[in-house]
Amino acid sequence: MKTNPPVQKNQEIDLGIDSLTREGMGVGRVEGYALFVHGALPGETVRVRVERVEKRYGYARTLDVTKTGSERADPACGAYGRCGGCSLQHLSYPAQLAWKRQWVEDAFSRIGGMDVDVAPVLGMERPWAYRNKAVYPVRRGPDGQILIGFFTPRSHRVADIDICGIQHPIAEQAVAAVRRWMTEAGIAPYDEKSGTGTVRHLMVRIGFGTGEVQAVLVTSGDGLPASDALTHSLREAVPGLVSVVQNVNTRRDNVIMGDITKILWGREWIEDVLDGLTFRVGPLSFYQVNPVQTVALYREAMKRAGLTGTETVVDAYCGIGTISLFAARNAGRVIGVESVGEAVADARENARLNGIDHAEFLCARAEEWLPRAVAEGLRPDVILLDPPRKGCDPKLLEAILAARPERVVYVSCDPATLARDVKRLTEGGMYRVEGAVQPVDMFPQTGHVECVVGMGRVR
Ligand code: SAH
């Protein structure tokens with residue numbers, strides 16, 4: 001039977017909002033039909049105009065908030081609304097944390113079919129200026145001006161944004177320096193449509209523990225005119241600068257970085273310090289963006305790993321070896337596995353920098369390496385997992401069950417794939433979740449959450 005949506009385009013209605021999407025949209029229902037409303041919060045009543053009607057859901061615009069919720073906050077950042085970044089700034093910070101906890105609980109019950117304890121989210125004392133990495137698209141504006149900023153909500157249009165509330169302020173100084181250089185030297189920004197122009201992105205990374213700064217200019221081709229003037233402009237403007245790097249990306253897709261990097265000035269990496277350990281980070285390596293919360297996250301992971309100094313530990317998605325070296329302080333042997341070669345090189349160097357000689361690093365896909373290693377007899381005591389959003393490959397999970405480690409500690413940036421994978425690991429009865437799932441707020445003001453789960457072997 002075909003049912004028509006109960007609303008029509010341009011209709012004005014009063015709507016009670018009962019939930020919130022990760023994109024920060026309030027959801028209200030008319031006879032069960034969901035309407036997504038930008039900027040409206042649960043507990044509020046809003047007067048809306050329906051803007052788009054699809055078969056099973058629609059979109060509406062707020063005309064007036066007739067009943068304001070108690071959780072509403074004034075967005076603190078000047079770029080809020082223009083920038084597609086932080087979607088939860090209009091929600092008070094305690095309410096953001098409560099919402100993230102609920103989201104994790106829901107993921108475990110709906111996707112995992114599991115009833116687990118979810119601890120209150122570990123939040124930040126000051127949930128601003130926390131990011132150590134900024135990536136800015138560089139484009140030409142409608143009036144020919146150079147835009148270095150952020151994509152506006154749901155678009156490929158770049159807006160110039162001189163301030164970002166969650167970014168370390170030094171990044172803005174690098175933006176100003178690059179803008180000045182492009183204007184003075186007549187360097188063209190990249191044009192997505194034609195594939196012409198030179199500068200595609202600017203990435204800035206700051207070591208919070210050292211003050212060291214790296215600027216990476218992503219270019220569409222090999223050549224970079226006036227590169228001396230670029231490094232001069234950056235060195236004048238950016239305190240702590242130790243590295244200016246060009247990355248060449250000739251592809252026509254949305255991937256930001258290419259494979260080739262060239263040092264323009266200084267060295268190819270920055271160093272940072274986390275909890276007393278020194279890490280070198282190269283431009284192509286993954287590094288957690290919120291260093292304060294990273295330490296909190298790794299400490300939670302270590303609590304669940306229960307290391308006593310003798311264990312053999314596998315860190316299956318080790319990046320530059322951060323969690324591996326935290327673990328090495330209390331383990332007999334650590335094997336880190338990572339698919340990006342540059343990150344493996346950083347990890348080896350990081351072990352050396354910290355005088356750790358019982359951590360080794362391999363460049364491989366975890367789901368290909370672990371089954372082989374287990375077949376050859378490797379029996380790790382503890383396996384640490386920290387995969388990208390898509391979670392673990394089933395072949396890796398099977399290999400873990402075959403390896404029968406005492407404990408598995410899973411760090412995840414996506415509650416849905418986490419719940420799916422924890423279900424797979426525990427459903428046979430060999431493992432059970434131990435203690436509470438601990439969410440950590442790595443990304444305040446945004447619709448993202450990080451979690452740690454510990455699992456122990458039952459039989
Ligand atoms: N634990 C590290 C890195 C986590 S990010 C940290 O906290 O910093 C996930 C890492 O897994 C990235 O470095 C990515 O390059 C790597 N990776 C992605 N797929 C992989 C795979 N199939 N096997 C091994 N490593 C992988």
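Structural data are supplied above this passage.
Throughout what follows, the structure given in this document is the object of discussion.

Basis of the calculations
- Residues numbered from 1 in each chain as written.
- Predicted model: local features only at pLDDT ≥ 70, side-chain atom pairs only at ≥ 80, totals over all residues.
- Heavy atoms only, no water.
- Near = heavy atom within 4 Å.
- Polar contact = N/O pair within 3.5 Å; in protein donor to acceptor, adjacent residues only side chain to side chain.
- Areas by Shrake-Rupley, 256 points an atom, 1.4 Å probe, with all protein chains shown as cover.
- Helix = DSSP H or I, 4+ residues; strand = E, 2+ residues; numbered from the N terminus.
- Nonpolar A, V, L, I, M, F, W, Y, C, P; charged D, E, K, R; others polar.
- Core = buried A, V, L, I, M, F, W, Y, C linked by side-chain atoms within 4.5 Å.
- Buried < 20%, exposed > 50% of the residue type's maximum accessible area, 1.4 Å probe, protein only.
- Contact = heavy atoms within 4.5 Å.
- Phe/Tyr/Trp six-rings, centres within 6.5 Å; stacked < 30°, edge-to-face > 60°.
- Pairing = 2+ DSSP bridges.
- Axes fitted to C-alpha atoms, helices over the stretch in contact; angles between N-to-C directions.

### Comments concerning the site of the ligand
Among the 18 residues in the neighbourhood of the ligand, the closest are listed as Q288, Y298, E338, A366 and D386. Within the side chain of Q288, a nitrogen or oxygen atom sits 2.9 Å from an oxygen atom of the ligand. Within the side chain of E367, a nitrogen or oxygen atom sits 2.9 Å from a nitrogen atom of the ligand. When the ligand sits alone it has 570 Å² of accessible area, and the protein chains cover 91% of it. Among the secondary structure elements, those contributing two or more residues to the shell around the ligand are α5 (322-328) and α7 (366-375). Split by residue class, the shell around the ligand holds 10 nonpolar, four polar and four charged.

### Examining the nonpolar core
Y136, V178, W181, L234 and L384 are the most contacted members of the largest nonpolar core, which totals 82 residues. Aside from chain neighbours lying at most four places away, what touches W181 is G186, I187, V199, L217, L224, P225, A226, A229, L230 and S233. In terms of nonpolar packing, the next biggest core, distinct from the first, is built from 47 residues, F108, A364, L397 and M455 among them.

### Digging into the packing of aromatic side chains
For any two aromatic rings, the description comes down to two numbers: the centre-to-centre distance and the angle of the planes. According to the stated counting rule, one finds six aromatic pairs in the structure shown. Pairing F36 with Y57 gives two aromatic rings, centres 5.8 Å apart and planes at 80°, and the pair type is edge-to-face. On the criterion of sequence distance, the pair formed by F36 in strand β3 (residues 33-38) and Y57 in strand β5 (residues 57-67) is long-range, its members being 21 residues apart. The class for F36 is buried, based on a relative accessible area of 19%. Judged by its relative accessible area of 35%, Y57 falls in the partly exposed class. Of the aromatic side chains, those joined through ring pairs into one cluster are F36, Y57 and Y59.

### So, the sheet that holds strand β4 (residues 45-53)
Spatially, the five strands close up into a barrel ordered β1-β2-β3-β5-β4, and their pairing is mixed. Here the average twist between neighbouring strands, direction ignored, is 50°. Alignment of β3 against β5, held across four bridges, turns out to be parallel. Looking across to β5, one finds that L35 is bridged to G58.

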